[in-house]
Amino acid sequence: MSLSENKVFLGWSSKVGNKKQKIKKSVIGGRLTGAPVQMWKSRLSWRIALSVFLTILTVQVSILGLTVQNYEQERLRDVSTAGRAAIVPLISNNIVDMLASPMSQEDMKRLTTSTRVNGIAIYSRADASLLAHYGAPLALVLRGLKNIPQNYYGSDGSFYEVVFKPHELGRPYYIVAQMDSAHVSEQVYAYIEQTILIMLLMSAFVTTVLMIALGHWLLEPILFLRDNLMKASENPEDPNILDSPFDSSDEIGGAIDVALSLIRQNAENIKRIKSAAEDQIHKLAYYDTLTGLPNRIFFLQSLNERIQAQEGDNPDRFAVIALDLDHFKDVNDSMGHNIGDAILRAVGKRLRASMPESAIVSRSGEDEFAITMALTKDVNSARDIAERVAGVIRSEPFKVFNENFQIRASVGVSTYPDDGIDPDQVLKNADIALNRAKEEGRDTIKEYSEDFDLAVQQRFQMLRDLRDAMEKDQLLLNYQPQLDLTTGRIIGAEALIRWWKPDNSKEGGYFIPPVDFIPIAEQSGLIVPIGEWVLRMACESAAAWQKAGYGMRIAVNVSGAQFHQSDIVSCVSKILQETGLEAGRLELEVTESIFMEDINHTVETLQQLHGLGVELAIDDFGTGYSSLSYLRLFPIDRLKIDQSFIRNALNNPDDAAIARTIVRLGHSLNLKVIAEGVETKEHEDFLLKENCDEVQGYRYSRPVPIDNFNEFVKNYTGELSSFSES
Ligand code: C2E
Ligand code: MG
Ligand code: MG
């Protein structure tokens, strides 16, 4: 049965519910105690009984109609017989004259006074002539022997006249006698009264017997059934129903058995559906459907329960680990969600398998997992657990659809109760630590420190200030020259943003370095309008050089966020058009990190930019992750060796080797190579020796405001040797 069917059932029960009260009263008592009483209260019984009663009565009344006539006839026959019996002995046997009356006047007089005979007329047998008449005048008169009437009953029933024929009398005469019959109607009335009484008694008796039978065989079972249906409707899930005491071989007993088993089945079904639905709801609410692991809510609840369940003076400490897969979004975007999902499942499985049974391993977000376990004597540091977790992910690639995926993770660690006494807070702190790990280049583990909170607050403040700075024109651009190592010519400049934050100090303010605010601008998306502003300012300056006849280009830094969150191609082409700068005089510096996100989009964007004629450089080359094979795919013009290699090249052979390799790599790919961070003559000599093409650094000029830069260009002799040894 589905949930909706269940609803139908419940709906039915509520409909029945409003009659509940009435019915309840009538069913109290049940079969053995209250049924006879019930019977007299039952409308159904009364209807059946009344119709039976009336039917019997109607039949009996019709029968009575017929029998009353017979009864009256019989009584009249009695009157006639009695009359004849009184007359016959008075007729003389000695018949002399057939035309003389055979009865004397005295006899006739005696007859009328001592019997019911009121009047008498004697007719001759031969011609029906009247021989004698005595007493009351008669209604029946014989007129000849044809059509002799039989009898006559007075309209008021007071007399009855009969014609006695010779064969009835045994004498050769016709005698018409009128008898008093007033008593007959009285007898008839008495008969009717008596019969009706008997009929009523009979009907009542039959009805009573019927009522008892109905009550026993019909009403009791029906009430029992109704009682149980009511209980089922009140509580369909657990109906308190009784077993049927009725004979299940009869129709109603059988029907009751079927109904009871349906009620029980229904209860079973509801219970099953309910518990299945509860399980399902629980699963949906507390488990992640993809990995089958508990979700964040369940994680927090379980951690809370474990903390609450602790007793004693020395409660357990718990490690809480927040783990985020590095660059998982790229895998999803480039390989499709099927692969992404399969990797997440595999990660979940591997994490679960690597942790003891007592640990809670949950999927707390899209590519985030949270783990907690109690710290013990053996494992007493949360960091150890975090290392194990990160190691498990890193240990070997994930094989999905026959492809290997090397996944790495950033991990944040916090400990209960050291980093919070509220599980929610402990997990939040692990998340803060995780964010730190991500910011510090990912693939690392960070333990929560209270300073992080402060840092988070400071960042919020800085973000607010940065928004303010944009409106108040506190952002400016500095320019740092880039020179050709072999010719010594100034080939261009890199535009570097500066934030001048005024304050009440003697200097009137201070500079906030871009490394402090650019990451915040990137995270908040504020880098998009800032980047557009930088691009416009830089292009305007370069357009001025172009106009003044200088052959210099401008290099502008572009963040990954600008690549992925805005339409940088149309922004660049619009600004080039508006400032009139030749596209070839603009170079965009991107870092290798842009290759880590949505690779297809990155390639497409770089190609479109290159299509505009804009040059592209990879900044800080050698510090990122980018695979060398990418370099051939992208339309790159220049590699910019990261300044850390130059700084250390003279005293660290490894860094020197890297710098050397980058130069060779660039040349083998037909790219120009520029070195930044060139501070000394020694750096310059090293780069000259390694055949580096271009240089940028404090040795030539610090980044300076536009006027100073223009001054620098004007004063430059064109000789690298003109720069002092510093
Ligand atoms: P970057 O693009 O690698 O810029 C070079 C950084 O090295 C600049 O730092 C520059 O002042 C510094 N530098 C140049 N020569 C030397 C040197 O000889 N010695 C030393 N020690 N440092 C030198 P800055 O201006 O603080 O910028 C830092 C980073 O901020 C830049 O690194 C760049 O990634 C970012 N940035 C600066 N301006 C912008 C911008 O307009 N947009 C974006 N998205 N990022 C910017
Ligand atoms: Mg740069
Ligand atoms: Mg750089």
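Residues numbered from 1 in each chain as written. Chains lettered and ligands numbered in written order. Predicted model: local features only at pLDDT ≥ 70, side-chain atom pairs only at ≥ 80, totals over all residues. Heavy atoms only, no water.

Student: Sorry, what's going on with the pairing of strand β4 (residues 159–164) here?
Tutor: Side-chain direction in a regular strand flips from residue to residue, so the side chains alternate between the two faces of the sheet. When you tally the buried positions in β4, you get six out of six residues, the bulk of the element. Both faces of β4 are covered, namely the face carrying Phe159, Glu161 and Val163 and the face carrying Tyr160, Val162 and Phe164. Note: strand β3 (residues 151–153) against β4, three bridges, orientation antiparallel. When the sheet's bridge partners are listed, Tyr153 is paired in β4 with Tyr160. (Buried < 20%, exposed > 50% of the residue type's maximum accessible area, 1.4 Å probe, protein only. Helix = DSSP H or I, 4+ residues; strand = E, 2+ residues; numbered from the N terminus. Pairing = 2+ DSSP bridges.)

Student: Sorry if this is basic, but what is going on with the packing of aromatic side chains here?
Tutor: For any pair of aromatic rings, geometry is given as the distance between the ring centres together with the angle between the planes. According to the stated counting rule, one finds 18 aromatic pairs in the structure shown. An angle of 55° between the planes, with centres 6.2 Å apart, marks the rings of Phe318 and Tyr416 as tilted. Of this pair, Phe318 sits in strand β6 (residues 317–325) while Tyr416 sits in strand β11 (residues 409–416), placing them 98 residues apart in sequence. Each member of the pair, Phe318 as well as Tyr416, carries the same accessibility label: buried. Each residue in the set Tyr479, Trp545, Tyr700, Phe709, Phe712, Tyr716 and Phe723 is aromatic and connected to the rest through ring pairs, giving one cluster. The ring of Tyr698 has Arg702 sitting right over it, with the charged end atom 3.9 Å from the ring centre. (Phe/Tyr/Trp six-rings, centres within 6.5 Å; stacked < 30°, edge-to-face > 60°. Lys NZ or Arg CZ within 6 Å of the ring centre and 35° of its normal.)

Student: I keep staring at the pattern of salt bridges and nothing clicks. Help me out?
Tutor: Should the charged atoms of two oppositely charged side chains come close, the side chains can pair. In this structure the tally under the stated criterion is 34 salt bridges. Residue Glu237 pairs with Lys274 through a salt bridge whose shortest N-O separation is 2.7 Å. Placement of Glu237 in the loop between α7 (182–234) and α8 (251–286) and of Lys274 in helix α8 is noted, with a sequence separation of 37 residues between them. Taking the relative accessible area as the measure of exposure, Glu237 reaches 26% and is therefore partly exposed. For Lys438, the salt bridge is made with Asp324, and the minimal N-O distance between the two is 3.3 Å. Taken together, the positions of Lys438 in helix α13 (residues 423–439) and Asp324 in strand β6 put the pair 114 residues apart, joining distant regions of the chain. Among the residues examined, Lys438 registers a relative accessible area of 23% and is labelled partly exposed. Connected via shared salt-bridge partners are Arg553, Glu587, Glu615, Arg638 and Glu694. (Salt bridge = Lys/Arg side-chain N within 4 Å of Asp/Glu carboxyl O.)

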